[in-house]
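If you want the building blocks of each chain, they are given just below.
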Amino acid sequence: MEDGDDQPPDEPADVPVRKIIHVDMDAFYASVEQRDDPALRGKPVAVGGSSRRGVVAAASYEARKFGVRSAMPSITAKRQCPDLIFVPPRFEVYREVSHRIRAIFRDYADEVEPLSLDEAYLDVSADKAGLGSATAAAKLIRQRIRAETGLTASAGVSYNKFIAKLASDQNKPDGITIIPPGKGAAFVQTLSIRRFHGIGPVTAAKMEGLGIFSGADLAGKEPLWLTENFGNSAEWLYNLARGIDHRRVRSNRPLKSLGGERTFFNDLITDTEIREALAHVCTVVWDRAAKKGARGRTVTLKLRYADFRTITRAKSVAAPILDGNSLLAAGEAILAPLLPTEQGIRLLGVTLSKFEGEEDDDDEGTAAPADLLSLI
Ligand SMILES: [Mg+2]
């Protein structure tokens, strides 16, 4: 879920050098399976379905030697590697391991941006653990992952996300690569553009057609030429070829709830004015939810009476709320049995929660505070 409004924008070029670590578990799903079943160790293993329409979700390093890759049809994989052992995925277990490694990450950085269950960017500029260097943090993180999960991770340490990710891939598996400031451009220029995160296979093929195979080839192209051939991506590509990337590490803490409330100068008494107030607050809350793409299933109404007694009533609906009218309808359904009111109402609030995808929440115990928008 995009959480852009709560975060400062990407930084301009003149900020102090940052320290970024990219941590990536080695052949994650397959390694978990080999860890838990000794019979699979040292063998070519594919996590995924072996059926006709199955696809490889992850391949062990032994399987990769035969050219087996994730996203490859299982039939093709089996052809490449006849001894390949297929194991059905156990996402519950992978998720559990993912929680553990993220808990480790949080000991070293407040800014942690997961890319998937098995990899994340960490901004360790603030040196949360007081280790003195990003390299020391990366080493400790890898040691702890091994000790606490029995699995290996590779790490890249650098001054931006783009290079840190390239670096973590450089000495896989179970490796660490450090690219200090001043070495980024040269490092990037040695690499194939096929390895650049953000350049997909289609763009890569187009580049190769234009004679660009390496970072150095890309760095040799003029901005105008890049614009003619790659339009809006020109500046981004120009920077990548020089090891420049200003993207911030974005720790998207999952949204737990989103709401708004309004306090009134004069207490509301009549059903009509209370309903109007509800409609107004719902409009503002829906506007906020729509901007965040938040699709919630639970609506909570909060009322504070003239004597300061405060009540909340919640209602959950079967399918996520997709428009403002549905939010208002749910709010009205909660409000109706509370009307007419004997006491005036001095505050009315509406909160939306139970967002889609919440079961993937990896931040239990460190829930972000309710994202309340005050309308007072
Ligand atoms: Mg990985």
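All values derive from a computational prediction rather than experimental measurement.

Calculation rules
- Residues numbered from 1 in each chain as written.
- Predicted model: local features only at pLDDT ≥ 70, side-chain atom pairs only at ≥ 80, totals over all residues.
- Heavy atoms only, no water.
- Donors = N, O, S within 2.8 Å, 3.2 Å for Na, K, Ca; no water.
- Buried < 20%, exposed > 50% of the residue type's maximum accessible area, 1.4 Å probe, protein only.
- Pairing = 2+ DSSP bridges.
- Helix = DSSP H or I, 4+ residues; strand = E, 2+ residues; numbered from the N terminus.
- Axes fitted to C-alpha atoms, helices over the stretch in contact; angles between N-to-C directions.
- Contact = heavy atoms within 4.5 Å.
- 1 Å grid on protein atoms, 1.4 Å probe; cavity = no way out; pocket = protein on both sides within 12 Å on 5 of 7 lines; lining within 4 Å.
- Points joined across faces, edges and corners; volume = space filled by probe spheres on them.
- Phe/Tyr/Trp six-rings, centres within 6.5 Å; stacked < 30°, edge-to-face > 60°.
- Lys NZ or Arg CZ within 6 Å of the ring centre and 35° of its normal.
- Salt bridge = Lys/Arg side-chain N within 4 Å of Asp/Glu carboxyl O.
- Core = buried A, V, L, I, M, F, W, Y, C linked by side-chain atoms within 4.5 Å.
- Expected span 1.5 Å × (residues − 1).
- Arc of directions from axis to C-beta.
- Polar contact = N/O pair within 3.5 Å; in protein donor to acceptor, adjacent residues only side chain to side chain.
- pLDDT = per-residue confidence, 0-100.

Let us look at the coordination of the magnesium ion. In the first shell of the magnesium ion, the protein supplies Asp-24 (OD), Met-25 (O) and Asp-118 (OD), at 2.1 to 2.4 Å from the metal. By relative accessible area, which is 3% here, Met-25 ends up buried.

Taken together, 3 strands build an open sheet; the order of strands is 3-2-4 and the sheet is mixed. With partners counted over all chains shown, the strands left at the sheet margins are strand 3 (56-59) and strand 4 (85-87), one partner each. Sheet twist, expressed as the average angle between the axes of neighbouring strands with direction ignored, equals 30°. Bridging between strand 2 (residues 45-48) and strand 3 involves 3 bridges; their strand directions are antiparallel. What sits directly across from Val-47, in strand 3, is Ala-58. Sheet strands touched by helix 1 (residues 28-36): strand 2, strand 3 and strand 4. Its angle to strand 2, the strand with the most contacts, is close to 110°.

With that settled, the discussion passes to the layout of surface pockets. A volume near 750 Å³ is recorded for the second largest pocket. In terms of lining residues, the second largest pocket is bounded by 25 residues, among which Asp-24, Arg-64, Ser-70, Asp-118 and Glu-119 are the most central.

A word on the packing of aromatic side chains. In this structure the tally under the stated criterion is 7 aromatic pairs. With a centroid separation of 5.2 Å and 85° between ring planes, the pair formed by Phe-162 and Phe-196 is classed as edge-to-face. With a gap of 34 residues between them, Phe-162 in helix 6 (residues 161-168) and Phe-196 in the loop between helix 7 (184-190) and helix 8 (201-209) connect regions that are remote in the sequence. Accessibility expressed as a relative area gives 2% for Phe-196, which makes it buried. An aromatic cluster of three or more residues is present, and its members are Phe-28, Tyr-29, Phe-91 and Tyr-94. We note Arg-64 situated over the ring of Tyr-61; from NZ or CZ to the ring centre the distance is 4.5 Å.

Another point: the pattern of salt bridges. Scanning the entire structure with this criterion turns up 17 salt bridges. In this structure, Glu-92 and Arg-95 form a salt bridge, with 3.0 Å as the shortest nitrogen-oxygen distance. Taken together, the positions of Glu-92 and Arg-95, both in helix 4 (residues 91-106) and 3 residues apart, correspond to about one turn of that helix. Look at Glu-92 and you get exposed, because its relative accessible area is 56%. The partner of Asp-245 in a salt bridge is Arg-247, and the shortest N-O contact between them spans 2.7 Å.

On to the nonpolar core. The tendency in soluble globular proteins is for nonpolar side chains to be buried as a group. Among the nonpolar cores identified, the biggest contains 31 residues, and Ile-21, Val-23, Phe-28, Phe-105, Leu-122, Ile-141 and Ile-145 are the most heavily contacted of them. Where this core is concerned, the elements lending two or more residues are strand 1 (20-25), helix 1, helix 4, strand 6 (119-123), helix 5 (134-149) and strand 7 (153-158). Looking at which element gives the most residues to this core, the answer is helix 4, with 6 residues. When sequence neighbours within four positions are dropped, the list of residues in contact with Ile-141 reads Ile-21, Val-23, Ile-104, Phe-105, Tyr-108 and Leu-122. Core analysis: the next-biggest nonpolar cluster, separate from the first, contains 30 residues, Val-285, Ala-330, Leu-335 and Phe-355 among them.

This part is about helix 13 (residues 324-335). The end-to-end C-alpha separation of helix 13 is 16 Å, in line with the 16 Å expected for 12 residues at 1.5 Å each. Looking only at helix 13, the buried set comprises Leu-327, Ala-330, Gly-331, Ile-334 and Leu-335. Angularly, the buried residues of helix 13 cover 140° about the axis, an arc narrow enough to put them on a single face. At the N-terminal end of helix 13, a side-chain oxygen is found 3.1 Å from the backbone nitrogen of Asn-325, two or three residues along, and the residue is Asp-323.

Looking now at the sheet that holds strand 6. The mixed open sheet is built from 5 strands, whose spatial order is 5-6-1-7-8. A strand with exactly one partner marks an edge of an open sheet, and here the two such strands are strand 5 (111-116) and strand 8 (176-178). The mean inter-strand angle of the sheet, taken between neighbouring strand axes irrespective of direction, is 15°. Taken together, the 6 bridges between strand 1 and strand 7 define a ladder with antiparallel strand orientation. By the bridge assignment, Ile-21 is partnered in strand 7 with Val-157.

The predicted model of the protein chain has a mean per-residue pLDDT of 89, with 90% of residues at 70 or higher. Segment residues 1-8 is flagged for pLDDT under 50; beyond a separation of four residues in sequence, or across chains, it makes 17 contacts in the model. In the predicted structure, residues 359-376 sits below a pLDDT of 50 and forms 41 contacts with residues beyond four places in sequence or in another chain.

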